[in-house]
Amino acid sequence: MSEVIALANQKGGVGKTTTAINLGAALAMHGKRVLIFDFDPQANSSAGLGMRADGAATTYEVVIAGVPVVDVARPTMVEGLWLAAASPSLAGAEVELVPMMAREFRLKRALDAVRESYEYVLIDCPPSLGLLTVNALAAADEVIVPVQCEYLALEGLSQLTSTLELVRRNLNSSLRLRGLLLTMFDGRTNLSQQVADEVRTHFTNTFTTVIPRSVRLSEAPSHGLAIAQYDPSSRAARAYGELAMELINGSRTEVRA
Ligand SMILES: Nc1ncnc2c1ncn2[C@@H]1O[C@H](COP(=O)(O)OP(=O)(O)O)[C@@H](O)[C@H]1O
Ligand SMILES: [Mg+2]
């Protein structure tokens with residue numbers, strides 16, 4: 001049985017896409033079958049894995065036209081890691097979904113059909129709390145919230161947790177907040193440490209693993225590679241490897257914010 005995990009935070013630039021790619025690759029390297037479902041019109045995780053738009057069906061066609069996920073998923077350079085690529089047309093899906101029947105459950109229907117095929121499905125969400133993200137939360141078993149270790153890190157998180165509560169009450173009662181993930185941690189600054197402490201105080205289910213700020217990590221996508229291939233001995237590669245282990249070994253007990 002698969003675990004469907006949404007990487008969500010309505011703030012942009014916090015590490016959702018970087019985590020989708022590198023956690024996905026790390027899980028695959030631990031022998032898991034993994035699908036990254038790029039659900040952001042900016043298609044950054046598709047680009048970061050070296051996928052070029054070639055007219056093939058994308059995650060847009062999955063939610064709007066009901067194209068099966070198996071017809072969209074393609075293997076990546078990492079063995080065991082598959083990608084369902086996004087396209088810019090996904091930006092229009094936000095509006096096109098509005099009049100549709102069961103509009104919040106379009107993605108759930110599509111992903112439920114591939115639960116036998118993958119052990120992990122990671123949904124890379126757009127930076128908003130619109131219908132695409134709501135579809136992702138309705139489809140997911142768990143949410144991981146990447147948080148950048150910068151000033152105002154906690155800003156917006158109460159809006160996100162109320163959205164999670166609304167989704168639980170109305171669409172998906174078993175949705176769990178798996179944990180917050182501290183990203184772009186810079187050990188040389190007091191600020192990073194302060195933010196990390198503050199996040200851990202508010203959210204006890206913050207992952208033990210912290211993702212360091214790493215130039216190598218920001219370079220890797222321009223080569224279409226995960227960090228585990230681009231610079232396997234880097235601290236960032238090790239961190240994503242540890243995060244994968246934490247996810248695989250971690251309890252699935254319900255933790256609510
Ligand atoms: N740990 C990190 N160290 C350095 N740069 C990072 C790190 N994580 C992400 N980045 C960079 O920060 C930018 C935003 O990250 P991204 O994962 O695209 O965020 P999101 O998907 O939440 O918008 C990207 O340019 C990415 O390469
Ligand atoms: Mg992104």
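Note: the structure precedes this text.
Let us look at the structure shown here. (Residues numbered from 1 in each chain as written. Chains lettered and ligands numbered in written order. Predicted model: local features only at pLDDT ≥ 70, side-chain atom pairs only at ≥ 80, totals over all residues.)

### Re the overall build of the protein
Okay, step 1: Summing up its helical and strand segments, the protein has 11 helices and 7 strands in all.
Okay, step 2: In terms of overall size, the protein behaves like a compact globule, its C-alpha atoms giving a radius of gyration of 17 Å where 257 residues would be expected to give roughly 18 Å.
Okay, step 3: Sorting the 257 residues of the protein into buried and exposed places 46% on the buried side.
Okay, step 4: The contacts in the protein between residues at least 6 apart in sequence include a share of 78% that link residues at least 24 apart. (Helix = DSSP H or I, 4+ residues; strand = E, 2+ residues; numbered from the N terminus. Rg over C-alpha atoms; globule rule 2.2 N^0.38 Å. Buried ≥ 20, exposed ≤ 12 C-beta atoms within 10 Å, placed from the backbone. Contact = placed C-beta atoms within 7 Å.)

### Some remarks on the site of ligand 1
Okay, step 1: As a structural note, the neighbourhood of ligand 1 is formed by 16 residues, with Gly13, Lys16, Thr17, Thr18 and Ser218 the closest of them.
Okay, step 2: Mapped by element, the contributors of at least two residues to the shell around ligand 1 are α1 (16-29) and α9 (215-219).
Okay, step 3: Looking at the shell around ligand 1, the element that brings in the most residues is α1, giving 3 residues.
Okay, step 4: Here the shell around ligand 1 is built from residues that sort into 5 nonpolar, 9 polar and 2 charged. (Near = placed C-beta within 6 Å. Nonpolar A, V, L, I, M, F, W, Y, C, P; charged D, E, K, R; others polar.)

### Looking at the nonpolar core
Okay, step 1: Among the nonpolar cores identified, the biggest contains 85 residues, and Leu122, Ile123, Ala136 and Leu137 are the most heavily contacted of them.
Okay, step 2: Considering each element in turn, this core owes the most residues, 8 residues, to α1.
Okay, step 3: When residues no more than four places from it in sequence are discounted, the contact partners of leucine 137 are Ala6, Ala8, Val143, Leu164, Val167, Asn172 and Leu175. (Core = buried A, V, L, I, M, F, W, Y, C linked by C-beta atoms within 7 Å.)

### Observations concerning the packing of α1 against helix α11 (residues 235-249)
Okay, step 1: Contact geometry of α1 with α11 gives a least axis separation of 8 Å together with a crossing angle of 65 degrees. One finds that α1 runs roughly perpendicular with respect to α11. The crossing of α1 and α11 is right-handed. Contact residues: Asn22, Leu23, Ala26 and Leu27 in α1; Tyr240, Gly241, Leu243 and Ala244 in α11.
Okay, step 2: For the contact of α1 with α11, a count of residues per class yields 6 nonpolar, 2 polar and no charged. (Axes fitted to C-alpha atoms, helices over the stretch in contact; angles between N-to-C directions. Parallel < 35°, antiparallel > 145°, perpendicular 65-115°, else oblique. Left-handed = near helix turned anticlockwise from the far one by under 90°.)

### Observations regarding α1
It helps to recall that an α-helix has 3.6 residues per turn; residues three or four apart then point in one direction.
Okay, step 1: Over its 14 residues, α1 extends 20 Å from the first C-alpha to the last, a length consistent with the 20 Å expected when each residue adds 1.5 Å.
Okay, step 2: Burial analysis of α1 places 14 of its 14 residues in the buried class, the great majority of the element.
Okay, step 3: Looking one or two residues beyond α1, the residue adopting positive phi is glycine 31, at roughly 90 degrees. (Expected span 1.5 Å × (residues − 1).)

### Things to note about the environment of glutamate 246
Okay, step 1: One can find glutamate 246 in helix α11.
Okay, step 2: Residue glutamate 246 is classed as partly exposed on the basis of its 15 C-beta neighbours within 10 Å.
Okay, step 3: For glutamate 246 and phenylalanine 207, which are 39 residues apart along the polypeptide, the C-alpha to C-alpha distance reads 7.8 Å.
Okay, step 4: Dropping the residues within four chain positions of it, glutamate 246 is found in contact with Phe207, Thr208 and Thr209.

### Description of α11
Okay, step 1: Compared with an ideal rise of 1.5 Å per residue, which puts 15 residues at 21 Å, α11 spans 21 Å between its outermost C-alpha atoms and is within 8% of the ideal.
Okay, step 2: Turning to α11, its buried residues are Ala236, Ala237, Ala239, Tyr240, Gly241, Leu243, Ala244 and Leu247.
Okay, step 3: Summarising the contacts, the buried residues of α11 are in contact with α1, α9 and α10 (227-230).

### Thoughts on the pairing of strand β7 (residues 176-183)
Okay, step 1: Within β7, 7 of the 8 residues are buried, leaving the element largely enclosed by the surrounding structure.
Okay, step 2: Pairing analysis gives 7 bridges linking strand β6 (residues 142-148) to β7, with the strands arranged parallel. The partner of glutamine 148 across the bridge, within β7, is threonine 183. (Pairing = 2+ DSSP bridges.)

### Details of the pairing of strand β1 (residues 3-7)
Okay, step 1: The buried fraction of β1 is high, at 4 of 5 residues.
Okay, step 2: Taken together, the 5 bridges between β1 and strand β5 (residues 120-124) define a ladder with parallel strand orientation. Counted as the bridge partner of leucine 7 is aspartate 124 from β5.
Okay, step 3: Relative to β6, β1 runs parallel, the two being bridged by 3 bridges. In the strand pairing of β6, alanine 6 is matched with valine 143.

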